[in-house]
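# Examining the three-dimensional arrangement
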Amino acid sequence: MATAILPDGSKRELPDGSTVFQVAESIGRGLAKAAIVGKVDGKLVDLSHPLVGEHEVSIVTDRDPDGLSVLRHSTAHVLAQALRRLYGEGLQYTIGPVIENGFYYDFQFPEGVKVTQDDLPKIEKEMEAIIAADFKFGRENVQPEDARKRLSSRNQKFKKELIDELEKAGETSVSLYEQGDFLDLCRGPHIPGTGKIKAFKLMSIAGAYWRGDQAREQLTRIYGTAFFDKKQLDQHQKMLDEAKKRDHRVIGPALGLYTIDDQVGQGLVLWKPKGAVIRQELQNFIGQHLKRQGYSQVFTPHIGRLGLYKTSGHFPYYRESQFPPLVDREFAAKLAEEKCSCSDLANLMEKGDIDGYLLKPMNCPMHIRIYASEQRSYRDLPVRLAEFGTVYRWEKSGELGGMTRVRGFTQDDAHLFCTPEQVAAEVSGCLELVKIVLSTLGMNDYRVRVGLRDPDKAKFVGDAAQWDAAEAACLAAAETLGVPFTKEPGEAAFYGPKIDFVVRDVIGREWQLGTVQVDYQLPQRFDLSYVGQDNHPHRPVMIHRAPFGSMERFIGVLTEHFAGAFPLWLAPVQVAVLTVSEKTDEYAAKVTQQLKDANLRVELHNSGDKIGSKIRTALMAKTSILLTVGEKEIETGTVSVRSYFDTPDALKGTMSVADFIAAATAKVEAKWHPAQTASASA
C-alpha cells in the first residue's frame, strides 16, 4: 500500500501506484478540482505522479505561489506549440523558464522570418485555440538516446545539445512532455491540461543568444505572463503601467540625477549633482547611526592582488561574474620572453595562475587585511569597519538596467569582527540599522528571508558545526524582528548564512535591499585571530552587513518608489522661489539667500515666463515646496507656500519667511515625508 502523510499529519492509504491526483480526490472533490501539481517529500511533481511506499504529500492549488510558477511554465510550452503551428517545422525552440512575474521562451525562426511586437496578437490567438482544446500534459521518462531521436526527428538541434549534456553528466533517463501535437524536453512538472490557463498575455520581444554566449546563435526571446484569472492579470497590467510611469531609467535622467555614457562604459553610473545630493544625504544619515554604534570609517583601493581573492574564495567561485584579472606588467613581460601564446595566457587567466590584480568584486578581503594589520585582544572586540566602497561585477550587457543592474556600484559596506559570544548582539545591531533605514523612508512593508546552506551543493565551504552555529544565530535574530520570515536553503553566501530584507514598494513590487551575513569561514581562510582572556589565540567571527546594499540600486528603487518626488530631506531641490514679475526680483533674491543661509537647497526662478509656467516647470521637476512672491508678499514680508504633495501635514498657505524657514528645517531634521499615497498638487 502507498501511504500519503498529509500536511496536518494525517495519513491516507491507497494501492501502490496510485497518483497524487487520487490522493487529492480522496480528500475531497473541491481540492481535486483546484489541484495544479503535487509536492512529494518536498519536491514538486505532476498530479499523475505514482506513489509507492510512504511519502509526505501535499496538494498545490492556484492559491500557492508554486502553482502560479507551474502555470506560467506550462504557458511557455503553449507559446512554443503555437509558434510551431504558425511557423512550421523550421522553428527551433530552446528553453522557456519561469522568471519573476512571468516567463520567456527563446526561439530560432526559419530563415527569412522576422517576428515583431505586431505579431504578438496573432500568436496569442493561436495560444487561445490550444488552451480551448485543453490538451493534457503527458510525461514520459525515456533514455537519452530515445529522447534524442524523437526530438531530432522534429529538427530540434538545441534540444539535442541539451540531451547530450545531460547524458555526459551521467543522466540515464530524461523526461519528455507532450501536449497535443507538441513535444518538449522538460523536467516539469506541469499543469494537468492547457485548459487550466485562464488569463495570459505576451508582453514583449527581445534578442538573445543561445546559452547567453555572444559567439553562439542569435535567438528571439518572447516574454509573457499568466494568471489563474483575468482579474489578477488586469491588476498586474495596471501595476506595469504604473511602473512605466515610475521607471527610474526615465525619471532619473529627466530629473538630472544620473547618466550612463557609452564612452564611459555600459553599466557604469555617472552621478550628476542632483543625484549626488540624494546619495550624500543618505550617507550622512546612516553615518550618524554608524557613529552611534561605534563603527570606524576606512577606505580601500579599487583593485587588489588576485591572490587576495583566491584566498577569500571569491576567485574562482564567482569568476564568471568578475572582470578578467589584470596581468602584472613584469609577469606579462616574462611570459612574452618565454613565447607564451595567447591561448596559453588565456588558460592561465582562466585558472588564476598569474601574477596580477583584480578589480575589487567585494570589499570584505581588504577589510580583513585591515583587521589583520595589528594584533587584537578580546578587549578590542568587536571591531566594526565601515566603508562606502565601490566594487565591480561583470554583468552581461543584456542584463544591465539603469541603476538597478550595473557593473560598478558602491556598497554601504561594513564588516564586524567579534567573539562567538558577541555574535547575537552584533547581528541585532545590524538588523536595527536596516530597520531604521526602512522606517525612516516609510518603507514598512517588507519581509525577511534567511538564506541557509544547501548540503547538496559544493559551493558552500567550511565546517558543518560552524554553519550550524551561524544559521542558529541568524534564525534567532530573525525571530526578534516581529515580521514574517522564511527559511531558504541554498540561498546562503558560499561562506555563511544571511538575512535579506525584501521590501514591497508603493505599487506592490518586491526588491531585495538590506542584508546581514554571519561568516565563520573567511576568518579561517585568512587565519585571523585575537588574544583571548586565556592569553591564547582565538578565531573571531565575521559579520557582513549593508543596510542600503548598493547605493545605485537603492536609489534606483527609491526613485521608483517615490516616483521621483523624494521626501523633503532627500530632495535635490527642496524649495523653488518663483517671481510673479520683475518687480519682485530683488525680494525673491533676498528670500533665496535667507533660505540658503538656513542650509535649505533652493532654486530661484526669475525668468520672464508667466507665473503659471514657472509653477508647472517646478512641479515637473518634482520640487518639494514652491514659494511664490508677488507685490503683496513684498508688502507683508511673507511668502505664499505651495507643496508638491497635497497632504494635510504639508507646508502651505501664507507665512513669514522666518516661520517658513523654521517649519521647513524642522521637517528636514525630522526626516519628514508625506503619506506614500499622496498625489501631486500639479
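Shown above is the structure to which this text applies.
Only a predicted model underlies this, so the values are computations on that prediction, with no experimental measurement involved. (Residues numbered from 1 in each chain as written. Predicted model: local features only at pLDDT ≥ 70, side-chain atom pairs only at ≥ 80, totals over all residues. Heavy atoms only, no water.)

## So, the overall build of the protein chain
To keep it simple, the criterion reads: Numbering of helices and strands runs from the N terminus; a helix is a DSSP stretch of H or I covering at least four residues, while a strand is a stretch of E covering at least two. Accessible area is worked out with a 1.4 Å probe on protein chains only. A residue is then buried under 20% of its type maximum, exposed over 50%, and partly exposed in between. Only heavy atoms enter the contact rule, under which two residues are in contact if any of them lie within 4.5 Å. Residue-level accessible areas treat just the shown protein chains as cover; the underlying method is Shrake-Rupley with a 1.4 Å probe. Only four residue types enter the tally: Lys and Arg on the positive side, Asp and Glu on the negative side; His and the chain ends are excluded. Here the site of a charge means NZ on Lys, CZ on Arg, CG on Asp, or CD on Glu.
Helix and strand counts for the protein chain come out as 22 helices and 35 strands. With respect to the three principal axes, the spread of C-alpha positions in the protein chain is 90 × 70 × 65 Å. By residue count, 50% of the 682 residues in the protein chain fall in the buried class. Intrachain contacts of the protein chain at a sequence separation of at least 6 include 71% that bridge at least 24 residues. A total of about 32300 Å² of accessible surface is found on the protein chain, and carbon and sulfur atoms cover 49% of it. Here the protein chain holds 85 positive side-chain charges and 91 negative ones, and the gap between their average locations is 3 Å.

## Remarks on the side chain of Glu-395
In this structure, Glu-395 sits in the loop between strand 22 (383-392) and strand 23 (408-418). When sequence neighbours within four positions are dropped, the list of residues in contact with Glu-395 reads Leu-400, Arg-405, Val-406 and Arg-407.

## What about the sheet that holds strand 26 (residues 498-504)?
For clarity, the cut-off: Here, any two strands with at least 2 DSSP bridges between them count as paired. The axes are straight lines fitted to the C-alpha atoms, using for helices just the contacting stretch, and the angles between their N-to-C directions are given from 0 to 180°.
In spatial order, the strands read 18-22-23-30-27-26-24-25; together these eight strands make up an open sheet with mixed pairing. Each of the sheet's edge strands pairs with one partner strand only, and the pair in question is strand 18 (296-297) and strand 25 (485-489). The pairing of strand 24 (residues 446-452) with strand 25 spans five bridges and is classified as parallel. Looking at the pairing, Val-450 lines up with Lys-487 of strand 25. The sheet strands contacting helix 18 (residues 551-561) are strand 22, strand 23 and strand 27 (510-519), and the helix crosses strand 27 at an angle near 150°.

## Digging into the environment of Gln-411
Mapped onto the secondary structure, Gln-411 falls in strand 23. Given a relative accessible area of 13%, Gln-411 falls into the buried group. C-alpha of Gln-411 to C-alpha of Lys-671: the two residues are 260 residues apart in sequence and 22 Å apart in space. Every residue in contact with Gln-411, bar those within four places of it in the chain, is listed here: Asn-363, Glu-387, Phe-388, Gly-389, Val-391, Arg-393 and Gly-549.

## Quick notes on the side chain of Arg-221
The test is simple: We define a polar contact as two N or O atoms separated by no more than 3.5 Å, with the added condition that, inside protein, one atom must be a possible hydrogen donor and the other a possible acceptor, whereas residues neighbouring each other in sequence contribute only through side-chain atom pairs.
Mapping Arg-221 onto the fold places it in strand 15 (residues 218-227). In this structure Arg-221 comes out as buried when scored by relative accessible area, which is 17%. For Arg-221, the side chain forms a polar contact with the side chain of Asp-106, separated by 2.7 Å. Sequence-distant contacts of Arg-221, defined by excluding residues within four places in its chain, comprise Tyr-104, Tyr-105, Asp-106, Ser-204, Ile-205, Ala-206 and Ala-208.

## Topic: the packing of helix 19 (residues 585-597) against helix 22 (residues 657-669)
Note the threshold: Handedness of each helix crossing follows the sense of rotation of the near helix against the far helix: counterclockwise by less than a right angle gives left-handed, clockwise gives right-handed. All residues other than Ala, Val, Leu, Ile, Met, Phe, Trp, Tyr, Cys, Pro, Asp, Glu, Lys and Arg, Gly among them, are scored as polar; the first ten of these are nonpolar and the last four charged.
Where helix 19 meets helix 22, the axes come as close as 11 Å, and the angle between the chain directions of the two elements is 35°. For the pair helix 19 and helix 22, the crossing hand works out as right-handed. On helix 22, the residues touching Tyr-587, Val-591, Gln-594 and Leu-595 of helix 19 are Val-657, Phe-660 and Ile-661. Across the contact of helix 19 with helix 22, the residue classes tally to six nonpolar, one polar and no charged.

## Some points on the sheet that holds strand 35 (residues 653-656)
Spatially, the five strands line up as an open sheet ordered 32-31-33-34-35, and their pairing is mixed. In the strand order of this sheet, the two ends are held by strand 32 (602-605) and strand 35, each with one partner. Here the average twist between neighbouring strands, direction ignored, is 30°. Along the sheet face, helix 19 touches strand 31 (575-579), strand 32, strand 33 (625-629) and strand 34 (638-643) and points at about 170° away from the line of strand 31. Contacts from helix 22 reach strand 31, strand 33, strand 34 and strand 35 within the one sheet, and its direction differs from that of strand 35 by about 105°.

## Structural notes on the nonpolar core
This is how the line gets drawn: Each nonpolar core is a collection of buried residues, namely Ala, Val, Leu, Ile, Met, Phe, Trp, Tyr and Cys, held together in the definition by side-chain atoms within 4.5 Å.
Residues Leu-282, Val-427, Leu-441, Ile-499, Phe-501 and Leu-558 are the most contacted members of the largest nonpolar core, which totals 60 residues. Here this core gets nine residues from one element, more than from any other, and that element is helix 15 (residues 423-440). Once you skip the residues sitting within four places of it in the chain, Leu-282 turns out to touch Phe-548, Met-551, Phe-554, Ile-555, Leu-558, Trp-569 and Leu-570.

## As for the pattern of salt bridges
Charged atoms that come close allow side chains of opposite charge to pair. Spelled out, the test is: Throughout this description, the term salt bridge denotes a Lys or Arg side-chain nitrogen within 4 Å of a carboxyl oxygen of Asp or Glu.
Inspection of every chain in the model, using the stated rule, returns 42 salt bridges. Of the charged contacts, one joins Glu-510 and Arg-504 as a salt bridge, the two residues approaching to 3.4 Å between their closest N and O atoms. Among the residues examined, Glu-510 registers a relative accessible area of 28% and is labelled partly exposed.

## As for the packing of helix 9 (residues 273-292) against helix 15
Pairs of packed helices are described in terms of their axes, by the angle between the two and the distance that separates them. As a reminder of what qualifies: Working rule for angles: under 35 degrees goes down as roughly parallel, over 145 as roughly antiparallel, 65 to 115 as roughly perpendicular, anything else as oblique.
Two elements in contact, helix 9 and helix 15, have axes whose closest approach is 11 Å; the angle formed by their N-to-C orientations is 150°. Considering their axes alone, helix 9 and helix 15 lie roughly antiparallel with respect to each other. You can see that helix 9 and helix 15 cross each other, and the crossing is right-handed. Between helix 9, through Phe-285, Ile-286, His-289, Leu-290 and Arg-292, and helix 15, the contact on the second element is made entirely by Glu-432, Leu-433, Ile-436, Val-437 and Thr-440. Residue composition of the contact of helix 9 with helix 15, by class: six nonpolar, two polar and two charged.

## Side note on unusual backbone geometry
With an omega dihedral of 0°, the bond running from Gly-188 to Pro-189 counts as a cis peptide bond. Topologically, Pro-189 is positioned in the loop between strand 13 (182-185) and strand 14 (199-209). At Asn-101, a residue that is not glycine, the phi angle is positive and equals roughly 70°. Looking at where Asn-101 falls in the secondary structure, it is placed in the loop between strand 9 (98-99) and strand 10 (102-108). Accessibility expressed as a relative area gives 36% for Asn-101, which makes it partly exposed. At Arg-211, a residue that is not glycine, the phi angle is positive and equals roughly 65°. Considering the arrangement of structural elements, one finds Arg-211 in the loop between strand 14 and strand 15. For Arg-211, a relative accessible area of 40% corresponds to the partly exposed category.

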